[in-house]
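The lines below spell out each chain.
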Amino acid sequence: MSQALKIWKALENKPAGKWTFSKMLCLKAPYFSSISPLFEQLQPSLCIIRMKKHRAVLNHLGTVHAIAMCNMAELAGGTMTDATVPSTHRWIPKGMTVEYLKKAKTDLTATATPVQANFVWTNSSEYLVNVEITDEAQQPVFRAVITMQVSAKK
């Protein structure tokens, strides 16, 4: 079990535990703090994160900036991957294909899941992650497929 998943399990049901976990993760990877994420769920094969629409993530149109959604997708996809890969392996993002479906005018929710449910871990492989970001009406505004390079630890 990954360190992040162990910490999540210890904090998720505590008062302010989800907030504390979110802040701790952003201390480890500071760039993600720019979107002020809040983790809602984390388990192998699933990560759900929320992001409020706030000034720091807006574009010139007053909607959530495309790169803020990419940041949110990478955080959700990477954290889900970290919680899923066996402890004998390591991972790093290799690429991301994105679709901007419509203007993001509200708070957002990102859901990350694996493309392939029963993935077979080898010495080195590409692990694909789906991320869908929805608005407050649960309408998709963004989709991504993130390619993670996964390899056995040396």
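Everything that follows concerns the structure shown earlier in this document.
The rules behind the values
- Residues numbered from 1 in each chain as written.
- Predicted model: local features only at pLDDT ≥ 70, side-chain atom pairs only at ≥ 80, totals over all residues.
- Heavy atoms only, no water.
- 1 Å grid on protein atoms, 1.4 Å probe; cavity = no way out; pocket = protein on both sides within 12 Å on 5 of 7 lines; lining within 4 Å.
- Points joined across faces, edges and corners; volume = space filled by probe spheres on them.
- Helix = DSSP H or I, 4+ residues; strand = E, 2+ residues; numbered from the N terminus.
- Nonpolar A, V, L, I, M, F, W, Y, C, P; charged D, E, K, R; others polar.
- Salt bridge = Lys/Arg side-chain N within 4 Å of Asp/Glu carboxyl O.
- Buried < 20%, exposed > 50% of the residue type's maximum accessible area, 1.4 Å probe, protein only.
- Pairing = 2+ DSSP bridges.
- Axes fitted to C-alpha atoms, helices over the stretch in contact; angles between N-to-C directions.
- Contact = heavy atoms within 4.5 Å.
- Polar contact = N/O pair within 3.5 Å; in protein donor to acceptor, adjacent residues only side chain to side chain.

K.L.:
Any chance you could explain the layout of surface pockets here in plain terms?
P.N.:
In this approach, a probe sized like a water molecule rolls over the atoms, and the result shows the empty space that is left. Estimated volume of the largest pocket: approximately 390 Å³. Lining the largest pocket are 16 residues, and of these Ala4, Leu25, Lys28, Thr79 and Asp82 sit closest to its centre. Residue assignment for the lining of the largest pocket shows that the elements contributing at least two residues are helix H1 (3-11), helix H2 (17-28), helix H3 (66-84) and strand S3 (89-100). Take the lining of the largest pocket: its biggest share by element is five residues, from H3. Split into classes, the residues belonging to the lining of the largest pocket amount to ten nonpolar, three polar and three charged. Considered as a void within the structure, the second largest pocket measures approximately 180 Å³ in volume. Lining the second largest pocket are 13 residues, with Arg50, Met51, Asp107, Leu108 and Thr109 positioned closest to its centre. Elements represented by at least two residues in the lining of the second largest pocket include exactly strand S2 (46-51) and strand S4 (108-114).

K.L.:
Explain the pattern of salt bridges here, please?
P.N.:
Oppositely charged side chains may form a pair once their charged atoms are brought near each other. Taken as a whole, this structure holds six salt bridges when the rule is applied. Across the salt bridge formed by lysine 52 and aspartate 107, the nearest N and O atoms sit 3.6 Å from each other. You can see lysine 52 sitting in the loop between S2 and H3 and its partner aspartate 107 sitting in the loop between S3 and S4, a full 55 residues away along the chain. Looking at lysine 52, the relative accessible area reads 58%, which means it is exposed. Close ionic contact of arginine 143 with glutamate 132 constitutes a salt bridge, the shortest N to O distance being 3.3 Å.

K.L.:
Honestly, unusual backbone geometry in this entry has me stumped. Any pointers?
P.N.:
Among all residues save glycine, negative phi is the norm, and among peptide bonds the norm is trans. The phi angle at serine 36 is positive, at roughly 50°, despite the residue not being glycine. Along the chain, serine 36 falls in the loop between H2 and strand S1 (38-43). Owing to a relative accessible area of 39%, serine 36 belongs among the partly exposed residues under this scheme.

K.L.:
Explain the sheet that holds S3 to me, please; I cannot follow it from the model alone.
P.N.:
In a beta sheet, neighbouring strands pair by backbone hydrogen bonds and run either parallel or antiparallel. What the six strands build is an open sheet, ordered S1-S2-S4-S5-S6-S3; its pairing is antiparallel. At either margin of the open sheet sits one strand with a lone partner, and together these are S1 and S3. Neighbour to neighbour, the strand axes of the sheet diverge by 20° on average, direction disregarded. Both S2 and S4 contribute to a ladder of five bridges, which runs antiparallel. Each bridged residue has a counterpart across the sheet, and for cysteine 47 the counterpart in S4 is alanine 112. Contacting S1, S2, S3, S4, strand S5 (124-134) and strand S6 (140-152), H3 crosses the sheet at an angle of about 40° to S6.

K.L.:
Would you mind going over the pairing of S5 with me for this structure?
P.N.:
When a strand is regular, its side chains alternate between the sheet's two faces. Bridge count between S4 and S5: six bridges; the pairing is antiparallel. Paired with threonine 109 across the bridge in S5 is threonine 134. Judged from the eleven bridges that link them, S5 and S6 form a sheet pairing that is antiparallel. When the sheet's bridge partners are listed, serine 125 is paired in S6 with valine 150.

K.L.:
Explain the side chain of threonine 109 to me, please; I cannot follow it from the model alone.
P.N.:
Along the chain, threonine 109 turns up in strand S4. Accessibility expressed as a relative area gives 15% for threonine 109, which makes it buried. Within the local environment of threonine 109, its side chain forms a polar contact with the side chain of arginine 50, the two groups lying 2.6 Å apart. Aside from chain neighbours lying at most four places away, what touches threonine 109 is Ile48, Ile49, Arg50, Met72, Glu132, Ile133 and Thr134.

In short, geometric facts, not functional conclusions.
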